[in-house]
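Chains, contacts and geometry: an overview
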Amino acid sequence: MNDSALAEIEACYEMGWTDGLPVVPPTPERVEAMLGGWAPRRGEEVATLLPSGGVATVEKIAANAVMAGCLPAYLPVVVGAVQAVARPEFGLEAVLTTVHSCSPMLLVGGPVAEALEMNADTGVLGPGNRANATIGRALLLVMRNLAGAVPGGLDPATLGQPGKYSFCYAENTAISPWEPFQVEKGFRAEESTVTVYGADAPLCIAEMGRPDPESILMTVVESSLAPGSYNAFFREDLFLVMSPNHAEVIGAAGWSRADVQRFFFEQARLPAGQLRRRGLHGFAEVPDYARVVVEADADEMIPIVASPERLCLTVAGGPYGGYTAIVFGMGSSVTLPVPTA
Amino acid sequence: MSGNADRFVSPVADTFKPGQAAARPESLERSRVGLVDCMLNPSGNWGQGILDGAESALHEHWPTATFERVPRPQVVAEPAETWAPAMAKQYAALVIAAGD
């Protein structure tokens, strides 16, 4: 790399545009190439992003996608993700301005994941795949540069987490015994979708000694009973990224996705008395959403998801090893179709 | 701005659409100002610290204004549609610390 190229990267640092890693400088030529067929819509407002109220145009999103290292083919997914986080039910302002460590996670579904050669297999939540890494990073650079989520500024997260650089994956639909996640959300398996979720860092759980559905799921259930998690307070969406090994065992025993959700809902519970002494509980006054915990008898078992559908079951990862990642978080996930230019 | 950065397409927003701000009184002289701690976790006292700062700054501009702490320790206890008009009858202005 010559001195000029390095100087351009340094200029991006000076402008405060980066996440701490070097970026591809968003020259007009690169942004134009990123826009491709979207060029006529460059000035179109995709969303207004809280907390800053910054207007995310197609061109601004493209500039961030360039910086993240995206290929032009990735742009529709990034645009779709921006549309999804801007939906009121996602609660973007809460996700970005909380002192908690959650951050927008992105699940890409349908044929676009394969078309972009996304990794849904070995190491799915880790590094190594350009689409996974840069699409997730582009969304989070948009959060920084357009929504104003700058650490220490409008992003006051006490600890933060590595997923604030990038957290994007695709489902391993070739192995999963169940229909893709987006079908649960009302889309067809043949539709390309984006799902966003205010996620904490994934917690990887092993269960390899007991290859039966109940044992696998009880290990996941008991590992999810963290009274200090936001889920234990808000009781909203909770994601599982289940390895093909676990999914195959459970699916082969005839369990449907709904069976897994119902089992989790019924088993993943903590005593109200314990919850009242832990985590976010203990306020002088209790918000409505936590009132069920306060009003219950001490030994009443409270589910950590408010309904079975709050368990968001996805299947991804390599063929070897029995693992499931629990992804705590806050709020509701949002699934939308990937837009076209 | 760096000379290099001038040649880039800025990735930051050119325009902003902040939420609609409440009407601001011209002056707070001899006014009652309510200070509300709406932090999700009031026991952390972060909201009180923010309100202390706001009170200090406002008092500097309008020494005759009076300040009162308004108890509202939860975010969703009462719909804003009923709470806000009730507050408007009592106070010329409200300063609300919100977040978690």
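Further up the page is the structure itself.
This section reports on the structure supplied with the text. As the structure is a prediction and not an experimental result, all values here were calculated from the model. (Residues numbered from 1 in each chain as written. Chains lettered and ligands numbered in written order. Predicted model: local features only at pLDDT ≥ 70, side-chain atom pairs only at ≥ 80, totals over all residues.)

1. Comments concerning the overall build of chain B
Quick reminder of the rule: A helix here means a DSSP run of H or I that spans at least four residues, while a strand means a run of E at least two residues long, and both kinds are numbered starting from the N terminus. Whether a residue is buried, exposed or partly exposed follows from its count of other C-beta atoms within 10 Å of its own C-beta, namely 20 or more, 12 or fewer, or something in between, respectively; the C-beta atoms are built from the backbone. C-beta atoms are first placed from the backbone for all residues, and any pair lying within 7 Å is then listed as a contact.
In terms of regular secondary structure, chain B is built from two helices and three strands. Secondary structure of chain B in N-to-C order comes out as β-α-β-α-β. In chain B, which comprises 100 residues, the share counted as buried stands at 14%. Nonlocal contacts in chain B, meaning residues at least 24 apart in sequence, comprise 82% of its contacts between residues at least 6 apart.

2. A word on helix 4 (residues 75-85) of chain A
Think of an α-helix as turning once every 3.6 residues; residues three or four places apart then point the same way. Judged by how many residues are buried, helix 4 of chain A sits mostly within the fold: 11 of 11 residues are covered. Among the residues of helix 4 of chain A, A:Leu75, A:Pro76, A:Val77, A:Val78, A:Val79, A:Gly80, A:Ala81, A:Val82, A:Gln83, A:Ala84 and A:Val85 are the ones counted as buried.

3. Digging into the sheet that holds strand 10 (residues 311-315) of chain A
All names here are of chain A. Going by this rule: For two strands to be treated as a pair, DSSP must find no fewer than two bridges joining them. To get an axis, fit a line to the C-alpha atoms, keeping to the stretch in contact for a helix; angles then go from 0 to 180 degrees between the N-to-C directions.
Read across the open sheet, the four strands follow the order 6-11-7-10; overall the sheet is mixed. Looking at which strands have only one partner, the edges of the open sheet turn out to be strand 6 (203-206) and strand 10. Each neighbouring strand pair of the sheet contributes to a mean axis angle of 25°, computed without reference to strand direction. Relative to strand 10, strand 7 (residues 238-242) runs parallel, the two being bridged by five bridges. By the bridge assignment, Val-241 is partnered in strand 10 with Thr-314.

4. Some points on the environment of A:Leu35
All names here are of chain A. With respect to the secondary-structure elements, Leu-35 resides in helix 2 (residues 28-35). Residue classification places Leu-35 among the buried residues on the basis of 23 C-beta atoms within 10 Å. Remark: the alpha-carbon pair of Leu-35 and Asp-3, spanning 32 residues in sequence, is separated by 28 Å. Apart from residues no more than four positions distant in its own chain, Leu-35 is found in contact with Arg-42, Val-58, Glu-59 and Ala-62.

5. Here's the deal with the sheet that holds strand 4 (residues 168-170) of chain A
Residues and elements named next belong to chain A. Read from one edge to the other, the open sheet built from four strands follows the order 4-3-5-12, with strand pairing classed as mixed. Strands with a single pairing partner mark the edges of an open sheet, and in this sheet they are strand 4 and strand 12 (329-337). Within this sheet the neighbouring strands show an average axis-to-axis angle of 20°, counted without direction. Two strands pair when backbone bridges link them, and strand 3 (residues 103-109) and strand 5 (residues 193-199) are joined in this way by seven bridges, in the antiparallel orientation. Of the residues in strand 5, the one forming a bridge with Ser-103 is Ala-199. Seen against the sheet, helix 4 touches strand 3, strand 5 and strand 12 and runs at an angle of roughly 50° to strand 5.

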